[in-house]
Amino acid sequence: MPKIYITRQMPVAEDVLGKHFELEVNPESRVLSREELKKVVYDCDGILSTLADKLDKEILQHSQKLKVISNCAAGLDNVDLVVAKERKIAVYNVPDATTQSTADMTFAILLSLIRKVAEAEAYIKKGLWKAWEPNLFLGEELYDKYFGIIGFGRIGKAVAERALGFGLRVLVFARSKINIVHPRILQVSLEELYQKSDFISLHVPLTQETKGMINAQAIKEMKKKPVIINMARGAVVSTDDLVKALKEGTIRGAALDVTEPEPILPSHPLCHLRNCLIVPHIGSATVECRALLAHSAAENLIRYFNDQP
Ligand code: NAP
């Protein structure tokens, strides 16, 4: 029976896999250390991993009989795909499961930031609310503003649907022609998106091309001091350039589900800026999504060992 290691406790995956494989599960509620990961890749036929497991070149070089990695995530940027291919290790992700939860979260963090939800709640809990005030926690509206979307795949499209519901005008930058005809959705160049957008939402994968694409030069082209929303990967944005832009007001805010580095420490400059809202990479953190992710990642392993890659 092939041996599968599950790097975090996921009861749904354990139920699905238990009948088919010899299972070992990380007994602790923490990410495996690099030494532990090396032992796992040496010892097992398959791994059910999460995006916190950095399966890079150094780790994968310890693999002996590892045949398959099933990543319980939409992205695959935690796996060195070149080395995996060299070592004939099949790699799976779960592209569909995270779409709706991540698209919802895009507006959750954007609205939280621009309507000062967290600050307003803290104000009440500190006992500071004495009376209704005409200028208390004034924020800004979405209606009729320009919402730029960079990366028009599954999540980008789901975000566009929600944006229309808020009465936004959607500007899309995508490399190939989009086949959506809607009076409020327009495909534009990156330059035009930077010039016209009041909000810019990132939905590209992390690749050599997208790494650091939101940097000082790009921010300079953003004419309306937009709010940037990063639901993609932290490294798509240059963190130093973002901090500088937030401090200088060349952009008016950032709503971040993902950061570089992750986890981000409370001492980091981004955590000291009032115009920056950060949540701990919880875009896909819904009960529905995490169950579907675990189930699909487990099924990918079964499919692989049944010769149905
Ligand atoms: P997807 O369906 O593969 O869409 C990605 C889109 O990005 C594709 O349309 C792709 O276009 C486009 N793209 C790639 N490189 C580009 C570039 N240089 N310039 C412009 N567009 C580019 O993936 P998805 O499901 O929407 O997810 C997108 C990313 O979100 C994932 O890769 C992951 O990193 C991140 N994510 C985050 C969370 C979270 O919890 N925060 C959850 C899920 C996913 P082409 O077709 O031209 O390649």
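Nothing here was measured: the structure is a model prediction, and the numbers come from that model. (Residues numbered from 1 in each chain as written. Predicted model: local features only at pLDDT ≥ 70, side-chain atom pairs only at ≥ 80, totals over all residues. Heavy atoms only, no water.)

**Q** Looking at this structure, I do not really get the overall build of the protein chain. What am I missing?
**A** For the protein chain, the count of helices and strands is eleven helices and twelve strands. Computed over its C-alpha atoms, the radius of gyration of the protein chain comes to 21 Å, within 12% of the 19 Å expected for a compact globule of 309 residues. Taking all 309 residues of the protein chain together, 46% fall into the buried category. The long-range fraction of contacts in the protein chain, counting pairs at least 24 apart against all pairs at least 6 apart in sequence, stands at 57%. With the model as given, the accessible surface of the protein chain reaches about 16100 Å², and the carbon-plus-sulfur share is 54%. (Helix = DSSP H or I, 4+ residues; strand = E, 2+ residues; numbered from the N terminus. Rg over C-alpha atoms; globule rule 2.2 N^0.38 Å. Buried < 20%, exposed > 50% of the residue type's maximum accessible area, 1.4 Å probe, protein only. Contact = heavy atoms within 4.5 Å. Areas by Shrake-Rupley, 256 points an atom, 1.4 Å probe, with all protein chains shown as cover.)

**Q** Any chance you could explain the sheet that holds strand S11 (residues 253-256) here in plain terms?
**A** In a beta sheet, neighbouring strands are held together by backbone hydrogen bonds and run either parallel or antiparallel to one another. Strand order in the open sheet made by the seven strands is S8-S7-S6-S9-S10-S11-S12, with parallel pairing throughout. Because the sheet does not close on itself, it has two edges, and the strands there are strand S8 (185-187) and strand S12 (276-278). Across this sheet, the average inter-strand angle for adjacent strands is 15 degrees, counted without regard to direction. Summarising the sheet, strand S7 (residues 169-173) and S8 pair through three bridges and their orientation is parallel. Along S8, the bridge assignment pairs leucine 171 with leucine 186. Lying on the sheet, helix H10 (residues 239-248) is in contact with strand S10 (227-230), S11 and S12; it crosses S11 at an angle near 140 degrees. (Pairing = 2+ DSSP bridges. Axes fitted to C-alpha atoms, helices over the stretch in contact; angles between N-to-C directions.)

**Q** Which parts of the structure should I look at to understand the pairing of S10?
**A** Side chains on a regular strand alternate between the two faces of the sheet. Burial of the side chains of S10 extends over both faces: Val227 and Ile229 are buried on one face and Ile228 and Asn230 on the other. Pairing of strand S9 (residues 199-202) with S10, which is carried by four bridges, proceeds in the parallel orientation. For isoleucine 200, the partnering residue across the bridge sits in S10 and is isoleucine 228. A crossover links S9 with its parallel partner S10, the connecting element being helix H9 (residues 216-221), and its sense is right-handed. In this fold, the crossover linking S10 to S11 by way of H10 has right-handed handedness. (Right-handed = clockwise from strand over helix to strand, strands pointing away.)

**Q** Help me out: how do you make sense of unusual backbone geometry in this one?
**A** It is generally the case that most residues other than glycine have a negative phi and that most peptide bonds are trans. Omega for the peptide link from glutamate 260 to proline 261 comes to 10 degrees, which places this bond in the cis form. Looking at the secondary structure, you find proline 261 in the loop between S11 and S12. Phi is positive for lysine 88, which is not a glycine, with a value near 60 degrees. On the secondary structure map, lysine 88 appears in the loop between helix H4 (81-86) and strand S5 (90-92). Residue classification places lysine 88 among the exposed residues on the basis of a relative accessible area of 71%.

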